[in-house]
Amino acid sequence: MEKFKVTLPVFVTKELRLTMNYVDAPGARRRNMSASLDPETIMVSGPAEVLRDRETIVLGDFDLLAVGNTESTHTYGITVPDGCTNLSGVTRSTLTISYPDKTTAMVMTNRIRFDNEPEGRNLDVQTPEIVVSVFGTEADVSALSGENITLAADLSDYGSALGTYAIPAVVEIDSGGDIGVTGEYEIQVTIREPGDEPEPSDEDQVSAMNPDEGGGEGEEP
């Protein structure tokens, strides 16, 4: 009599929690969001070796920079692990999310830094003050001032340049809060040789045309 050895897979039923891979950034953290999934869990049947260490199903990535104060909804398909069956009959889950404490503000700063300055050149900043758009929680934004913001411009590519240029700048935040920045920024700067005098501004030209403006009366010739 022939004997056969048969191995039967062991199937189990398990409740798995649905979740998102939240991609956060400065000023946009999951801890500050109000978010929920509907449904939050599903029942799954499958091989024991597949489900033994499985507790969640990740629906997808979500960029928290896209979240505003107004509530929004996003729907995702539910993909169960290979070899498993979705017993709940629900194939999609809806994410409802908002940032109830999000605050935006415009903050002016005069803190400007140039990295890798060209040797033997003078720099004249044409935009000494810049307004930066920031966001975060009410507490973090209200505690921010221009003293906490620096715009850094890299002059590596301007070693032999002369003239006026709009240099892209990176915004650096130095504060105890968690602050995000929106927008792109530039610093307008004139690069000149030490012997060259900077071109007079419009205000200087007006003063030169009206030398007695704001001063006392001159003597009669």
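Refer to the structure above for everything that follows.
Every value quoted in this text rests on a predicted model; they were computed, and no experiment measured them.

What counts, and at which threshold
- Residues numbered from 1 in each chain as written.
- Predicted model: local features only at pLDDT ≥ 70, side-chain atom pairs only at ≥ 80, totals over all residues.
- Heavy atoms only, no water.
- Helix = DSSP H or I, 4+ residues; strand = E, 2+ residues; numbered from the N terminus.
- Buried < 20%, exposed > 50% of the residue type's maximum accessible area, 1.4 Å probe, protein only.
- Polar contact = N/O pair within 3.5 Å; in protein donor to acceptor, adjacent residues only side chain to side chain.
- Pairing = 2+ DSSP bridges.
- Patch = residues over 30% accessible without salt bridge, like charges linked within 9 Å, V, L, I, M, F, W, Y side chains within 5 Å.
- Areas by Shrake-Rupley, 256 points an atom, 1.4 Å probe, with all protein chains shown as cover.
- Salt bridge = Lys/Arg side-chain N within 4 Å of Asp/Glu carboxyl O.

**Brief notes about the side chain of T109**
No. 1: Mapped onto the elements, T109 comes out in strand β8 (residues 102-109).
No. 2: The exposure class of T109 is buried, given its relative accessible area of 2%.
No. 3: Reaching out from T109, the side chain makes a polar contact with the backbone nitrogen of R111 at a distance of 3.1 Å.

**With respect to the sheet that holds strand β4 (residues 56-63)**
No. 1: Spatial ordering of the open sheet is given by β4-β1-β3-β6, a layout of 4 strands whose pairing is mixed. The two strands at the open ends of the sheet, each matched to only one other strand, are β4 and β6 (85-86).
No. 2: Pairing geometry for strand β1 (residues 11-23) and β4, over 6 bridges, is parallel. Across the sheet, T19 pairs through a bridge with V58, a residue of β4.

**Quick look at a nonpolar patch on the surface**
No. 1: A cluster of nonpolar residues, M106, M108 and V131, forms a patch on the protein surface that exposes about 300 Å² of accessible area.
No. 2: Mapped onto the elements, M108 comes out in strand β8.

**Some thoughts on unusual backbone geometry**
No. 1: For the peptide bond that leads from D38 to P39, omega is 0°, which places it in the cis range.
No. 2: Mapped onto the elements of the fold, P39 is located in the loop between β2 (34-38) and β3 (41-47).
No. 3: Although it is not a glycine, N116 adopts a positive phi angle of roughly 55°.
No. 4: Here N116 shows up in the loop between β9 (112-115) and β10 (122-125).

**Remarks on the pattern of salt bridges**
No. 1: Using the criterion set out here, one finds 7 salt bridges in the structure.
No. 2: The shortest N-O distance in the salt bridge between D124 and R192 comes to 2.5 Å. A residue pair is termed long-range when its members are at least 10 positions apart, and D124 in strand β10 and R192 in strand β15 (residues 185-192) qualify at 68 residues.
No. 3: In this structure D124 comes out as buried when scored by relative accessible area, which is 17%.
No. 4: Three or more residues are tied together by salt bridges with common partners; here these are D24, R29 and D178.

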